[in-house]
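Listed below are the residues making up each chain.
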Amino acid sequence: MNAPHPKISLDPPQIRQLDETVINRIAAGEVVERPASAVKELIENAIDAGATRIDVAISHGGKTLIRVTDDGCGIPAADLPLALSRHATSKIDGSDLLDIRSFGFRGEALPSLGAVGRLTITSRPAGAEAHSIACTGGSLGAVKPAALTSGTVVELRDLFYATPARLKFLRSDRAETQAISEVVKRLAMAEPFTAFTLRDETSGEPRVTFRADAQSGDLFDALAGRLATVLGRDFAENAIRLDAEREGLHLTGYAALPTYSRGSSVAQFLFVNGRPVKDKLLIGALRGAYADYLSRERHPAAVLFLDVDPQRVDVNVHPAKSEVRFREPGTARGLIVSGIRHALAEAGHRASTTVAGEVLGALRPEPVQQPLTPRIYQMDRPAQERAQPYRFPTQVVEPMGFAEAPTGRVDDTPQGADEPLTHHPLGAARGQVHENYIIAQTDTGMVIVDQHAAHERLVYERLKRQMAENGVAAQALLIPEIVELSEQDAATLLAHAETFTRMGLTLEPFGPGTLAVRETPAILGEINAEAMLRDVLDELDDIGESQLVQERIEAILSRVACHGSIRSGRRMRAEEMNALLREMEATPHSGQCNHGRPTYVELKLHDIERLFGRR
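Scoring rules and cut-offs
Sequence order as written defines the numbering, with residues in each chain counted from 1. Thresholds applied to this predicted model are a pLDDT of at least 70 for local features of residues and 80 or more for the giving and counting of side-chain atom pairs; totals over whole chains, interfaces and linings are not thresholded and use all residues. In computing side-chain properties, one takes all heavy atoms of the structure into account and sets aside hydrogens as well as water. For Phe, Tyr and Trp, where Trp contributes only its six-membered ring, two rings pair if their centres lie within 6.5 Å, and the inter-plane angle classes them as stacked under 30 degrees, edge-to-face over 60, or tilted in between. Starting at the N terminus, helices and strands are each numbered in turn, a helix being any DSSP run of H or I of at least four residues and a strand any DSSP run of E of at least two. The buried label applies to any residue whose accessible area, calculated with a 1.4 Å probe on protein chains only, is under 20% of its type's maximum; exposed applies above 50%, and partly exposed to all values in between. Two thresholds decide whether a charge sits over a ring: the Lys NZ or Arg CZ must be within 6 Å of the ring centre and within 35 degrees of the ring normal. Should a side-chain nitrogen of Lys or Arg be within 4 Å of a carboxyl oxygen of Asp or Glu, the pair is scored as a salt bridge. For two strands to be treated as a pair, DSSP must find no fewer than two bridges joining them. Among the buried residues, those of types Ala, Val, Leu, Ile, Met, Phe, Trp, Tyr and Cys that are joined through side-chain atoms within 4.5 Å form a nonpolar core. For helices, the axis comes from a line fit to the C-alpha atoms of the stretch in contact; other axes are also lines fit to C-alpha atoms, and the angle between any two N-to-C directions lies between 0 and 180 degrees.

## What to know about the packing of aromatic side chains
Phase 1 of the analysis: Counted by the stated rule, this structure contains 3 aromatic pairs.
Phase 2 of the analysis: Taken together, a centroid distance of 6.3 Å and an interplanar angle of 80 degrees make the contact between Phe-220 and Tyr-254 edge-to-face. One end of the pair, Phe-220, is in helix 7 (residues 219-231); the other, Tyr-254, is in strand 11 (residues 249-256), with 34 residues separating them in the sequence. Each member of the pair, Phe-220 as well as Tyr-254, carries the same accessibility label: buried.
Phase 3 of the analysis: Centre to centre, the rings of Phe-235 and Tyr-260 are 6.2 Å apart; their planes meet at 65 degrees, and the pair counts as edge-to-face. Taken together, the residues Phe-235 in helix 8 (residues 233-237) and Tyr-260 in the loop between strand 11 and strand 12 (268-272) connect sequence positions 25 residues apart. The two residues Phe-235 and Tyr-260 agree in class, both being buried.
Phase 4 of the analysis: Note that Arg-241 overlies the ring of Phe-220, its terminal NZ or CZ placed 3.7 Å from the centroid.
Phase 5 of the analysis: When the ring centre of Tyr-260 is taken as reference, the NZ or CZ atom of Arg-262 above it lies at 4.1 Å.

Here it is as C-alpha cells:
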C-alpha cells in the first residue's frame, strides 16, 4: 500500500531536449519494425528514383545484411549527407501534404536505419562520379569516392545492433526471410514494368529465391504476366479483369472466380495509387463484393488497384503508410463492390479450372506398395514349377449386360438432333448417374454437373431478379418496436434510413436517442429489431456501410431456393437435363452454388487420356 508510485518522482520532473541519435532511434522504432520494414523503405526509394531493375540481397533473414541495388537516377555527392538527415527529402516541397505522388515523403527512413544499424550508401548520378557515405549507430562519416557504374547501392548491416533489445523481439531467420519475400512480391505486383530479384546470401553462395522479369505491353497484359509470376498460373487462369470508374475513382486489377477461394485472406492484395495498403474499408468492400457467392469461412483472392486524385486520399495517417483515409469512403467502397460484381456477372457460368485438377488428382491411382519379401527370379524356381503351362478356364462367366442395370443414359434422342448441342459450353447431356449427377459431352471433353446445386443457384438468381424488379415487401408492425440508443447511434441509423426503407425496414425518430421501427422485411418473419439494429451499427462503425439486412434477406432467398430446386435422387429426362445446362449457360454466377462450391466440373479430353496413359 505504501510502495512508491512508479510514475511519481521525489524530484520535480525536468523537460530535456533529446539528442539527435536518440531521436532517430525512437523514429526507427516506428518506421522499422523488422528487417522486412527496412527492405520495404529501401525498395520504395528505388522505385521513386525511377529504377527499372531492383536487386535485393539479404543474409540471416535481413538481420546481418540487407543490400538493395537499383539503376535509378542516383544521389549527387553533395546531397549524400543531407539524405541521412531527418526530414530531408527530394519528393515533396512541403507546400501541400495532400498532393503526394511518391512512395516516400517524410525523409525518415535512411536516418532511422543509420541510427540502429551500419548503413552505407554508394551512388552515381548520370554524368558524375560515384561517391559513398557511411552512418554507424547514428554517427555520420565523410563522403568518399567509390566505384559504381550507375544507380545506387544501399547496404545495411547488423540491423538493431545499436538497440540490442529490439533483436530479442525478432522472429527466426526463416520467418523474417518469409516476411521480406512477401514485401518484395507485393511491391513487384505494384510495378510490373520493373524487374525484381531477391537473393539469400546466408550460406555464402547467393541463392535466388524470387525473380520477376520486367513485363512489356499494355498495363493489363503486363499486370497479368507479373501476377502469373508472383501468384502462380492458377490465379492468372482463374482471375477476371477489372476496369471500372466512378466519380473520379478508377479501379483496375484482377479478381479470382468464387470457386478459386482460399481458407484465409492471404491472397488479397490492395493498392491505392500504387501503394500497398491494408485498409479495413477496402478489405470490407472486397468481402462484401463476394458475400453472395462465398460462405463466411472462405475468402476471395484478388489484386485491386484503386487510382484516385491525391487530394482525395490522405496517406499520412500511419507511420508505415500502410493505411489511408478517403475523403469519400462510400464512393471507394461502392466502386469496389459494383466493379467486382459486374465482372463476376460477365463471367457467366465459368468455374475455376483448379476444380478439374483436383478431381484428376483424386482419380489417379495410388502407387502400389511392393511387398517386403525377397524377389524370386524365374531361374531360381524349381524346374517343375517353371514347366507348368497356363490352362484356360473351362467355364466362361458371361458378363452382365448393361441393359439389365438401372440407367439414366440418354439414348432416345435422334442422332442428328443432339449433335450440335456438344458445341455449347456445357455440351449435350449423355446420362445421369446416382440420380444426382448429369454427364454431358462437349467438343473438347466432358462435364459433370451436380443437378441439385446447379438448380439451387438458378432458382436463387431468379428470386433475386424478382426482388430487384418488384422491391422488398414490408410488413407493418401493429405496435411499433421502440429501440433506445445513444443519440449518436440513432443519428447514424437515421442517416441511412432511406437505404433501409428500400430493404423493407422503416425507421422513424421517436425522441432523443430513440427510434421507432414501423416496418420490417416481410420475408424475414418475426425478428428482434433491436438486436438487428445494433448489429447494423457495428457494421457501420467498422466499414462505414451495412449490408446486414440485405444479407439476411438473401439468406432467406437462398433457403427458399434450396427447398424449391431439383432434389437429389430425382431421375431426369434428356430434355430436362439439356434445358438445365442451357439455363446454366445463360445465368450469371451459375458456376458455383450458394455456398461457393462448384456446380460442375469440366474434364478436358487430353487430361482424361493422360489419366488412362494414352498420352
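The structure having been displayed, the exposition proceeds.
## Some points on the pattern of salt bridges
Phase 1 of the analysis: On inspection of all chains with the given rule, the structure shows 26 salt bridges.
Phase 2 of the analysis: Close ionic contact of Asp-292 with Arg-457 constitutes a salt bridge, the shortest N to O distance being 3.9 Å. Of this pair, Asp-292 sits in the loop between helix 9 (280-289) and strand 14 (302-307) while Arg-457 sits in helix 14 (residues 451-470); the two residues are 165 residues apart in sequence, bridging distant segments of the chain. The pair Asp-292 / Arg-457 is uniform in exposure class, with both members buried.
Phase 3 of the analysis: Among the charged side chains, a network of salt bridges with common partners joins Arg-67, Glu-155, Arg-157 and Glu-201.

## Here's the deal with the pairing of strand 17 (residues 428-433)
Phase 1 of the analysis: Pairing of strand 17 with strand 18 (residues 437-441) involves 5 bridges; the strand directions are antiparallel. Across the sheet, the residue bridging to Gln-432 is Ile-438, located in strand 18.
Phase 2 of the analysis: Between strand 17 and strand 18, which pair antiparallel and follow one another directly, the connecting turn spans 3 residues, one of which, His-434, has a positive phi of 55 degrees.

## Comments concerning the pairing of strand 3 (residues 118-124)
Phase 1 of the analysis: By the bridge criterion, 6 bridges tie strand 3 to strand 4 (residues 131-136) in an arrangement that is antiparallel. Bridge pairing in strand 4 links Thr-122 to Ser-132.
Phase 2 of the analysis: The pairing of strand 3 with strand 7 (residues 151-157) spans 7 bridges and is classified as antiparallel. The residue of strand 7 that forms the bridge with Arg-124 is Gly-151.

## Structural notes on unusual backbone geometry
Phase 1 of the analysis: At His-434, a residue that is not glycine, the phi angle is positive and equals roughly 55 degrees.
Phase 2 of the analysis: Under the relative-accessibility criterion, His-434 is labelled exposed at 70%.
Phase 3 of the analysis: Phi angles above zero are rare outside glycine, and Glu-435 is one such case at about 50 degrees.
Phase 4 of the analysis: Note on placement: Glu-435 falls in the loop between strand 17 and strand 18.

## Some thoughts on the nonpolar core
Phase 1 of the analysis: Core analysis: the largest hydrophobic core is formed by 57 residues, its most contacted members being Ile-43, Ile-54 and Phe-235.
Phase 2 of the analysis: Top element by residues in this core is helix 6 (residues 173-190). It accounts for 8 residues.
Phase 3 of the analysis: Leu-286, Leu-294, Ala-302 and Ile-340 belong to the second-largest nonpolar core, a separate cluster that totals 34 residues.

## What to know about the sheet that holds strand 20 (residues 474-484)
Phase 1 of the analysis: Strand order in the open sheet made by the 3 strands is 20-22-21, with antiparallel pairing throughout. Each edge of the open sheet is held by one strand with a lone partner, namely strand 20 and strand 21 (506-509). Between one strand axis and the next, the sheet turns through 20 degrees on average, direction left out of account.
Phase 2 of the analysis: Pairing geometry for strand 21 and strand 22 (residues 514-521), over 4 bridges, is antiparallel. Each bridged residue has a counterpart across the sheet, and for Thr-506 the counterpart in strand 22 is Glu-519.

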